[in-house]
Amino acid sequence: MSLSFDPDRLPLPNGHFIGDRLIPAEDGQPRLPMHRPSDGRAYADCPVASADLVDQAVATAQAALKSSNWGGLRPRDRTAVLQRWAALIEEEAETLAKVEALSSTRPVGQLVAGDVAVTAEQIRFFAEFADKEGGDLVPTDDGSLGMVMTEPYGVVGAITPWNFPLSMAGWKLGPALAAGNAVVLKPSEMTPFSTVLLAQLAVKAGVPAGLINIVQGDGPTTGAAITRHPGIAKVSFTGSTAAGSAIMADIARSGVKPMTLELGGKSPQIVFADADLDKAAAAIATSVLSNAGQACVAGSRLLVEAGVAEPLVERILDHMRAVRPGPTWDAGTRYSPIISERQRARIHAIVSASLTGPVECLTGGGPMDAEGYFYAPTLLAGVDQASPAVVEEIFGPVLTVQSFDSEEEAMALADHPTYGLAAGLYTRDLSRALRLTRRLQAGTVWVNRYGRSRDHILPTGGYKRSGIGKDLGREAYLANRRSKSVLIGL
Ligand code: NAD
């Protein structure tokens with residue numbers, strides 16, 4: 001059966017999800033008009049939860065924790081319920097994929113095999129930690145017994161971006177629930193619906209109603225009401241560095257609480273002359289073309305050893321020129337639209353501002369001739385460290401290229417003043433790869449490949465202003481539990 005679907009005939013779970021009820025927009029509260037990225041048509045309004053509704057969601061989460069004793073269950077029982085949820089996500093992959101594809105930039109064909117499958121895997125991965133990570137008995141003198149116990153926080157507040165809505169929700173919900181917490185989650189106001197379906201499936205799988213609550217809305221109203229709420233014990237955020245800073249400031253003003261921040265990036269990909277240029281070109285192109293470059297880890301700054309700059313760039317241009325735009329609801333689509341007209345205009349403004357002096361646009365450089373918010377794959381040569389396209393996180397299909405003559409020069413160019421999320425290295429020289437991996441200021445380094453894999457054990461997170469703390473990996477599970485030191489006099 002084809003995954004292609006008619007975007008005008010897809011039912012959407014439009015509302016907040018609190019307890020196990022889908023709650024429509026509140027009277028008198030604003031609604032945000034939504035447009036489909038693939039054709040620009042208005043198709044729904046996103047409700048905006050007031051602070052009162054967020055308060056109701058937090059109270060529901062607290063009550064559900066108490067009545068279900070979720071944090072105090074046999075850990076293996078939590079694992080079993082979450083595994084059932086993962087299985088249901090796989091069973092409902094097509095429905096989830098279609099709802100996700102309608103609002104977002106993710107093509108439906110890539111969603112079923114990719115994002116939805118990954119989300120189920122991540123939930124399984126974290127479910128397995130529930131009975132494996134405990135505390136420690138610690139060395140003390142003979143007259144006492146010391147231990148470090150760990151406990152859930154209570155209600156975790158989660159806020160997610162629009163670029164991979166389902167798997168971002170999986171990053172937050174999986175570890176928080178496995179670790180014994182409840183969650184109040186706000187998805188992006190541009191992609192609100194798939195997260196509601198995910199939560200409905202959780203209840204169907206046996207996750208106690210009220211442990212997952214989804215509130216819709218924008219950052220300043222609903223997001224801020226979550227981060228400031230005294231009943232939210234911890235905040236887990238993925239989004240831009242600007243919003244991350246606003247959240248830190250809000251938390252500082254409204255009361256201290258722990259937070260995990262997964263923020264922006266401007267990641268370099270460094271290619272040495274001894275690299276396999278065909279493989280490097282394919283990996284580099286994929287990293288800026290996949291989701292049209294709307295990925296935090298997009299490797300958007302190519303740094304290439306001067307001797308191979310030309311043949312490498314030619315190969316990358318071949319990949320870029322081959323893309324064809326298509327609506328996200330067509331099963332054959334590979335190249336995504338940009339999420340909004342506003343975001344496309346921002347991409348174009350940065351590209352245009354970079355076209356000064358010796359800067360040359362080797363391909364693309366503007367919107368594509370297609371319905372929807374498509375932007376052509378763009379390659380800018382002749383840029384320097386001060387070019388806006390090198391400094392700014394563009395969040396679009398734009399690659400800059402700079403060349404270097406030595407390792408030292410490559411390292412100097414790779415170092416971004418603000419971001420340190422990821423970096424790519426391409427070389428056949430293992431010693432050089434390891435030496436430079438140590439020097440790169442990034443939370444993730446990929447060697448002779450680029451992009452996240454399905455090895456969920458590898459934590460992800462940034463250096464510098466790319467974030468604080470980690471998602472995925474054991475670290476994300478542990479970040480959802482707090483430790484208590486106990487010393488017993490014997
Ligand atoms: P964004 O920061 O505009 O919004 C992210 C979420 O935060 C949305 O739900 C939004 O409503 C909410 N928000 C905004 N301001 C807020 C505030 N003051 N208080 C509370 N909530 C607020 O980001 P976006 O445009 O949705 O996503 C793109 C950004 O996300 C990029 O910068 C990208 O690099 C980053 N990102 C990072 C990772 C990572 O792992 N580091 C992963 C995906 C996306």
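Residues numbered from 1 in each chain as written. Predicted model: local features only at pLDDT ≥ 70, side-chain atom pairs only at ≥ 80, totals over all residues. Heavy atoms only, no water.

Broken down by element type, the chain carries 15 helices and 22 strands. Each of the three principal axes of the chain carries a C-alpha extent, and together these read 70 × 65 × 45 Å. Residue burial in the chain is summarised as follows: out of 490 residues, 57% are buried. Counting only contacts in the chain whose residues sit at least 6 apart along the sequence, the fraction spanning at least 24 positions is 75%. (Helix = DSSP H or I, 4+ residues; strand = E, 2+ residues; numbered from the N terminus. Buried < 20%, exposed > 50% of the residue type's maximum accessible area, 1.4 Å probe, protein only. Contact = heavy atoms within 4.5 Å.)

For the rest of this paragraph, the subject is the nonpolar core. Counting 86 residues, the largest nonpolar core has Leu82, Trp85, Ile89, Leu173, Val184 and Ile212 as the members making the most contacts within it. Membership of the second largest hydrophobic core comes to 49 residues, among which are Val288, Val297, Leu379 and Val383. (Core = buried A, V, L, I, M, F, W, Y, C linked by side-chain atoms within 4.5 Å.)

Following both chains from N to C, one finds helix 7 (residues 219-228) and helix 8 (residues 241-254) inclined at 45 degrees, their axes separated by 9 Å at the closest point. With respect to their mutual orientation, helix 7 and helix 8 come out oblique. Seen from above, helix 7 lies across helix 8 with right-handed handedness. Two secondary-structure elements touch here, helix 7 through Ala224, Thr227 and Arg228 and helix 8 through Ile247, Asp250, Ile251 and Ser254. Among the residues forming the contact of helix 7 with helix 8, the class breakdown is three nonpolar, two polar and two charged. (Axes fitted to C-alpha atoms, helices over the stretch in contact; angles between N-to-C directions. Parallel < 35°, antiparallel > 145°, perpendicular 65-115°, else oblique. Left-handed = near helix turned anticlockwise from the far one by under 90°. Nonpolar A, V, L, I, M, F, W, Y, C, P; charged D, E, K, R; others polar.)

The next thing to look at is the UniProt feature "domain: Aldehyde dehydrogenase" (unreviewed entry) in the chain. As annotated in UniProt, the feature "domain: Aldehyde dehydrogenase" (unreviewed entry) corresponds to residues 30-484 in the numbering used here. Across residues 30-484 one finds 41% helix and 19% strand; the C-alpha atoms that close the span lie 43 Å apart. (UniProt positions renumbered as here; feature names shortened; annotations may be inferred.)

With that settled, consider the UniProt feature "active site" (unreviewed entry) in the chain. As annotated in UniProt, the feature "active site" (unreviewed entry) corresponds to Glu262 in the numbering used here. Positionally, Glu262 belongs in strand 11 (residues 259-262). Excluding residues that lie within four positions of it along the chain, Glu262 makes contacts with Lys172, Phe237, Thr238, Gly239, Thr460, Gly461, Gly462, Ser466, Gly469, Lys470 and Asp471.

It is worth spelling out the site of the ligand at this point. Taken together, the neighbourhood of the ligand is formed by 30 residues, with Lys186, Glu189, Ser240, Leu263 and Glu393 sitting nearest. Within the side chain of Lys186, a nitrogen or oxygen atom sits 2.8 Å from an oxygen atom of the ligand. With the chains in place, 88% of the 850 Å² that the ligand exposes on its own is no longer accessible. Taken together, the residues that form the shell around the ligand break down as 15 nonpolar, nine polar and six charged. Taken together, domain 1 (7-263 + 467-487) and domain 2 (268-457) each give at least three residues to the shell around the ligand, which thus spans both. (Near = heavy atom within 4 Å. Polar contact = N/O pair within 3.5 Å; in protein donor to acceptor, adjacent residues only side chain to side chain. Areas by Shrake-Rupley, 256 points an atom, 1.4 Å probe, with all protein chains shown as cover. Domains from an automatic or database assignment.)

Applying the stated criterion across every chain, the model contains 28 salt bridges. Linking Arg435 and Glu407 is a salt bridge whose minimum nitrogen-to-oxygen distance equals 2.6 Å. With Arg435 in helix 14 (residues 430-439) and Glu407 in helix 13 (residues 407-414), this pair connects stretches of sequence that are 28 residues apart. Classification of Arg435 as partly exposed rests on a relative accessible area of 40%. Each of Asp8, Arg36, Asp39, Arg41 and Glu371 takes part in a single network of salt bridges with overlapping partners. (Salt bridge = Lys/Arg side-chain N within 4 Å of Asp/Glu carboxyl O.)

Counted under the stated rule, the structure contains seven aromatic pairs. Here the aromatic rings of Phe125 and Phe129 are separated by 5.1 Å at their centres, their planes lie at 80 degrees, and the arrangement is edge-to-face. Their ring planes at 65 degrees and their centres at 4.8 Å tell us that Trp446 and Tyr450 sit as a pair that is edge-to-face. Residue classification places Trp446 among the buried residues on the basis of a relative accessible area of 9%. An aromatic cluster is built from Phe125, Phe126, Phe129 and Tyr477, whose rings are joined through pairwise contacts. Arg432 extends its terminal NZ or CZ atom over the ring of Phe272, reaching a point 4.0 Å from the ring centre. (Phe/Tyr/Trp six-rings, centres within 6.5 Å; stacked < 30°, edge-to-face > 60°. Lys NZ or Arg CZ within 6 Å of the ring centre and 35° of its normal.)

A few words on unusual backbone geometry. Here the phi dihedral of Asn291 falls at roughly 55 degrees; this positive angle occurs in a residue that is not glycine. Note that Asn291 resides in the loop between helix 9 (277-289) and strand 13 (301-305). Positive phi is not limited to glycine here, since Leu472 has a value of about 60 degrees. With respect to the element layout, Leu472 can be found in the loop between strand 21 (467-468) and helix 15 (473-478). Leu472 gets classed as buried once you look at its relative accessible area, which sits at 5%.

On to the sheet that holds strand 5 (residues 136-138), then. On the basis of which strands lie adjacent, the open sheet formed by three strands has the order 5-6-22 and antiparallel pairing. Every interior strand has two partners, whereas the edge strands, strand 5 and strand 22 (481-489), have only one. Averaged over all pairs of adjacent strands, the angle between their axes in this sheet comes to 25 degrees, without regard to strand direction. Examined bridge by bridge, strand 5 and strand 6 (residues 144-152) share three bridges and lie antiparallel to one another. When the bridges of strand 6 are listed, Asp136 appears paired with Val148. (Pairing = 2+ DSSP bridges.)

Segmentation of the chain into domains returns domain 1 (7-263 + 467-487) and domain 2 (268-457). For domain 1 versus domain 2, the distance between C-alpha centres works out to 30 Å. Contact residues are listed per partner, giving 37 residues for domain 1 and 28 residues for domain 2. Regarding the contact of domain 1 and domain 2, the summed buried area is about 2700 Å², with carbon and sulfur atoms giving 59% of it. Looking only at domain 1, the three residues that lose the most surface to domain 2 are Ser38, Thr105 and Trp162, adding up to 20% of its buried area. Across the contact surface, domain 1 and domain 2 share two salt bridges. Of the charged contacts, one joins Glu121 and Arg454 as a salt bridge, the two residues approaching to 2.7 Å between their closest N and O atoms. For the interface between domain 1 and domain 2, the tally reads 15 residue pairs in polar contact (both at pLDDT 80 or more). Elements with a minimum of two residues in the side of domain 1 that touches domain 2: helix 3 (93-103), helix 4 (108-127) and helix 15. (Buried area = accessible area lost by both parts, 1.4 Å probe.)

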